[in-house]
Amino acid sequence: MAQPIIDIQSITKRFGDLTVLDNLSFQVQPGEKLALIGPSGSGKTTILRILMTLETLTSGHILIEGEQLWHMEKGGELVDADEAHLHKMREKIGMVFQHFNLFPHKTVLENITLAPRLTLGVPAREAEQRAMELLDMVGLADKKDDKPASLSGGQKQRVAIARALALEPKIMLFDEVTSALDPELVDEVLSVMRQLGEETDMTMLLVTHEMGFARDFADRVLFFDHGHIIESGPPEQIFTNPEEERTQSFLRKVLSAGKRKAEKQAAVL
Amino acid sequence: MEWDWQFVIESLPTLWQGVVVTIQATALGSVLALTVGLFLAIMCRSPNWFISQCSKWFIEFVRGTPLLVQLYFLFYILPDVGILLSPLVAGVIGLGLHYGTYTAEVYRAGIDNIPKGQWEAAKAVNLTKSQTWKEIIIPQAIPPMIPALANYIIAMFKETPLLSAITVLELMNQARSLSNFHYRYLEPMTMVGVFFLLISIPSVIFLRRLEQRYARPHH
Ligand SMILES: Nc1ncnc2c1ncn2[C@@H]1O[C@H](COP(=O)(O)OP(=O)(O)OP(=O)(O)O)[C@@H](O)[C@H]1O
Ligand SMILES: [Mg+2]
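Residues numbered from 1 in each chain as written. Chains lettered and ligands numbered in written order. Predicted model: local features only at pLDDT ≥ 70, side-chain atom pairs only at ≥ 80, totals over all residues. Heavy atoms only, no water.

Spelled out, the test is: UniProt positions are given in the numbering used here, feature names are shortened, and annotations may be inferred rather than shown by experiment.
Per an unreviewed UniProt entry, chain B goes by Ectoine/hydroxyectoine ABC transporter permease subunit EhuD and derives from Pseudovibrio exalbescens. Quoted verbatim from the Sequence similarities (unreviewed entry) field of the UniProt record, the comment on chain B reads "Belongs to the binding-protein-dependent transport system permease family. HisMQ subfamily."

In the nomenclature of an unreviewed UniProt entry, chain A corresponds to Ectoine/hydroxyectoine ABC transporter ATP-binding protein EhuA from the organism Pseudovibrio exalbescens. Heading Sequence similarities (unreviewed entry) of the UniProt record for chain A holds this comment: "Belongs to the ABC transporter superfamily." According to UniProt, the comment filed for chain A under the heading Subcellular location (unreviewed entry) is "Cell membrane".

Written out as structure tokens, the structure is:
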């Protein structure tokens, strides 16, 4: 196998007394689409946040393309990474948030061009051209001069995806990017992600409660509980033939909850 | 006591000189207060314990002592250690530092109101700390703070007569010297009061407008 693009080596994360990730290890291959599923509070978001350097590690190591993320070498020893090292490592990683986190005082176009101009030094013209291509891709070219406040949730999330893509990260992290959306807006975001999955060789990690989407989209699914990987495998296996009792009961719960939600919607219509 | 219009007219040129100095002191003091406050607010948030504690203590210290005492220190005591300031410079520094500790609090609250997600999104698109402040945090934090900042500037304006204590020839000082010279207090002091009213009342109306305009953030 090739060198993994993400190599998580026995990481532990504690918030005070609460151990959220417990000696967790897994690897992600370049180009892989990995879905992280599991009950609420199992630590899925925390993993993404640690990869995005929004949350520190308590212990363990993470390698991105063979390079330490949270550590660096100094005088032949591994020490905690400094801001300059983290800055360099962040170039490889982008993230899309559940609540979009667009910059409300900037236009849609500025939201996308800001970081390429400032962090990559792309000239304004070029950054705008690239941003327009991305807006075309997410179907929002006509909104380029609008402020985020005037967009629907689905549109905001598509802008947020374009903003992250503008930096051309090798790894994209998606944290429940559709769960803050009204149900009728979910599909427009998922279809953008599906297109990304098909047209790029980016490595994508997504945390999701959309089991149907995880099943279509992912090459591999990790089922988490209490900061441990309970089961991992291709989606067909995890969704149709899970080996572990905990995976089975989780899937039973979310699938029946999903069905209830769908029935409710159907009843409303 | 009769109101003497002749005396009023004769006093006007002298009082006008004072008005100019009062406005200068307020303008320069505001610029300093707004700048000092921003830096104090940012320093209070520093991850460096020493910097953040020093800034907090500085704020407490300055607020805990009267402006008049600070002005005396700047003008009459600093020369003992070899720092000679002109009256106006000492006055502006005094006003700026004193009100800077108040604007710092406004900035702090405004900055705390920026959702955590904005900092995180800035990090996720790999902006540096200073880019994040400049492009993301400050532009969003400032508009809602404008009324509170303007309020302090108006308050500072009304405190400029204190500068007469350190021989700044601002309006109050000019009025007092006229009064002392002619043994008439009625006209000069009335004129001082009227001048402050003429500036304060429109300022307060302007402030209400600002409050309406910025009461709600733009999203
Ligand atoms: N900053 C924090 N301080 C303290 N506890 C935290 C913090 N962030 C997360 N936690 C706790 O860590 C645990 C894991 O949180 P995490 O957000 O990773 O779960 P999750 O799997 O994403 O859950 P969900 O499906 O509800 O989003 C939770 O118990 C949460 O309360
Ligand atoms: Mg989560």
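Description of the interface of chain B and chain A
Heads up, the condition is: Contact definition: two residues touch when any of their heavy atoms are within 4.5 Å. When two parts are put together, the accessible area they lose, computed with a 1.4 Å probe and summed over both, is reported as buried area. Should a side-chain nitrogen of Lys or Arg be within 4 Å of a carboxyl oxygen of Asp or Glu, the pair is scored as a salt bridge. Any N or O atom pair separated by 3.5 Å or less is treated as a polar contact, with the protein-specific requirement of one donor-capable and one acceptor-capable atom, and with residues adjacent in sequence counted only for side-chain atom pairs. Secondary structure elements follow DSSP: runs of H or I of four or more residues count as helices, runs of E of two or more count as strands, with numbering from the N terminus. Amino acids outside the nonpolar list (Ala, Val, Leu, Ile, Met, Phe, Trp, Tyr, Cys, Pro) and the charged list (Asp, Glu, Lys, Arg) are all regarded as polar, and Gly is one of them.
Counting residues at the interface gives 19 residues for chain B, matched by 23 residues for chain A. Interface area for chain B against chain A, summed over the two sides, is near 1,900 Å², with a carbon-plus-sulfur share of 63%. Contact with chain A buries surface across chain B, with B:Lys123, B:Val125 and B:Asn126 losing the most and accounting together for 31% of the total. Summed over the shared surface of chain B and chain A, the number is two salt bridges. One salt bridge in this structure joins A:Lys106 and B:Glu135, with 3.1 Å as the shortest N-O distance. Our enumeration of links across chain B and chain A arrives at nine residue pairs in polar contact (both at pLDDT 80 or more). Counting only elements with at least two residues in the side of chain B that touches chain A, the list comes to helix H5 (116–124) and helix H6 (129–159) of chain B. For the side of chain B that touches chain A, the leading source of residues is H5(B), giving eight residues. Among the residues making up the side of chain B that touches chain A, the classes are represented as seven nonpolar, eight polar and four charged.

Considering the side chain of A:Thr46
Here A:Thr46 shows up in helix H1 (residues 44–51). Apart from residues lying up to four places away in sequence, A:Thr46 is in contact with A:Lys13, A:Phe15, A:Val20 and A:Leu21.

Quick look at the packing of aromatic side chains
All names here are of chain B. Rules: Between 30 and 60 degrees the pair is tilted, below 30 it is stacked and above 60 it is edge-to-face, where a pair is any two Phe, Tyr or Trp rings, Trp via its six-membered ring, whose centres lie within 6.5 Å. Relative accessibility decides the category of a residue: with a 1.4 Å probe and only protein chains considered, values under 20% of the type maximum give buried, values over 50% give exposed, and everything between is partly exposed.
Following the criterion strictly, the structure yields 13 aromatic pairs over all chains and no others. Geometrically, the ring pair formed by phenylalanine 75 and tyrosine 76 is edge-to-face, given 4.9 Å between the ring centres and 75° between the ring planes. Using a relative accessible area of 16% as the deciding quantity, one classes phenylalanine 75 as buried. Judged by centre distance (5.5 Å) and plane angle (35°), the rings of tyrosine 102 and tyrosine 152 are tilted. On the criterion of sequence distance, the pair formed by tyrosine 102 in helix H4 (residues 87–112) and tyrosine 152 in helix H6 is long-range, its members being 50 residues apart. Overall, tyrosine 102 belongs to the partly exposed group, its relative accessible area being 23%. Of the residues examined, tyrosine 152 reaches a relative accessible area of 28% and is grouped as partly exposed.

Considerations on the pattern of salt bridges
Summed over all chains, the structure comprises 21 salt bridges over all chains. Here A:Arg49 ties to B:Glu120 by a salt bridge, and the two come within 2.8 Å at their closest N and O atoms. Of the two residues, A:Arg49 sits in helix H1 while B:Glu120 sits in helix H5, which places them in two different chains. Between B:Glu135 and B:Lys134 there is a salt bridge, and its shortest N-O distance comes to 3.4 Å. Counted as one network, the salt bridges with shared partners bring together A:Glu65, A:Glu67, A:Lys88, A:Lys92 and A:Lys170.

Notes on helix H3 (residues 108–119) of chain A
Burial within H3(A) is extensive, with nine of its twelve residues counted as buried. Within the sequence span of H3(A), burial applies to A:Val108, A:Leu109, A:Asn111, A:Ile112, A:Thr113, A:Leu114, A:Ala115, A:Pro116 and A:Thr119. Tucked into the core, H3(A) has its buried residues touching helix H4 (124–137) and helix H5 (153–165) of chain A together with H6 of chain B. Taken from the residues just after H3(A), A:Gly121 is the one with a positive phi, measuring 70°.

Here we look at the site of ligand 1
All names here are of chain A. Counted only if it meets this: Throughout, near means a residue has at least one heavy atom within 4 Å of the molecule or strand. Note on areas: these come from Shrake-Rupley sampling with a 1.4 Å probe, and a residue is covered only by the protein chains present in the view.
Around ligand 1 there are 13 residues in total, and Ser40, Gly41, Lys44, Thr45 and Thr46 lie nearest to it. Measuring from an oxygen atom of ligand 1, one finds a side-chain N or O atom of serine 40 at 2.5 Å. Contacts to ligand 1 include glycine 41, whose backbone N or O atom sits 2.8 Å from an oxygen atom. Across the complex, the protein chains shield 61% of the 630 Å² of accessible surface that ligand 1 would expose by itself. Put simply, the parts of the chain that give the shell around ligand 1 at least two residues each are strand S2 (18–28) and H1. Take the shell around ligand 1: its biggest share by element is three residues, from H1. In terms of residue class, the shell around ligand 1 is built from four nonpolar, seven polar and two charged.

Some words on the sheet that holds strand S1 (residues 6–15) of chain A
Residues and elements named next belong to chain A. Stated formally: Strand pairing requires that DSSP identify at least two bridges connecting the strands.
Ordered in space as S2-S1-S4-S5, the four strands form an open sheet in which the pairing is antiparallel. What marks the edges here is a single partner per strand, and that holds for S2 and strand S5 (67–68). Looking at chain direction, S1 and strand S4 (residues 59–64) are connected through five bridges and run antiparallel. Across the sheet, glutamine 9 pairs through a bridge with histidine 61, a residue of S4.

Section: the sheet that holds strand S3 (residues 33–37) of chain A
Residues and elements named next belong to chain A. Stated formally: Axis angles are defined between N-to-C directions and span 0 to 180 degrees, where every axis is a line fitted to C-alpha atoms and, for a helix, only to the segment in contact.
With respect to topology, six strands assemble into an open sheet ordered S8-S9-S10-S3-S11-S12, the strand pairing being mixed. A strand with exactly one partner marks an edge of an open sheet, and here the two such strands are strand S8 (93–96) and strand S12 (228–233). Sheet twist, expressed as the mean angle between neighbouring strand axes with direction ignored, is 20°. Across five bridges, the pairing between strand S11 (residues 220–225) and S12 is antiparallel. For phenylalanine 223, the partnering residue across the bridge sits in S12 and is glutamate 231. Strand contacts of H1: S3, S8, strand S9 (171–175), strand S10 (203–207) and S11, with the helix running at about 145° to S9, the strand carrying the most contacts.

As for the packing of H3(A) against H6(B)
Defined as follows: Our angle categories are set so that under 35 degrees counts as roughly parallel, over 145 as roughly antiparallel, 65 to 115 as roughly perpendicular, and the remainder as oblique. For a crossing to be left-handed, the near helix must be turned anticlockwise from the far one by less than a right angle; the clockwise case is right-handed.
Running from N to C, H3(A) and H6(B) cross one another at 155°; their axes reach a closest spacing of 12 Å. The angle between H3(A) and H6(B) falls in the class roughly antiparallel. As H3(A) runs across H6(B), the sense of the crossing is right-handed. Contacts between H3(A) and H6(B) pair A:Leu114, A:Leu118 and A:Thr119 from the former with B:Gln131, B:Glu135 and B:Ile136 from the latter. A breakdown of the residues in the contact of H3(A) with H6(B) according to their chemical character gives three nonpolar, two polar and one charged.

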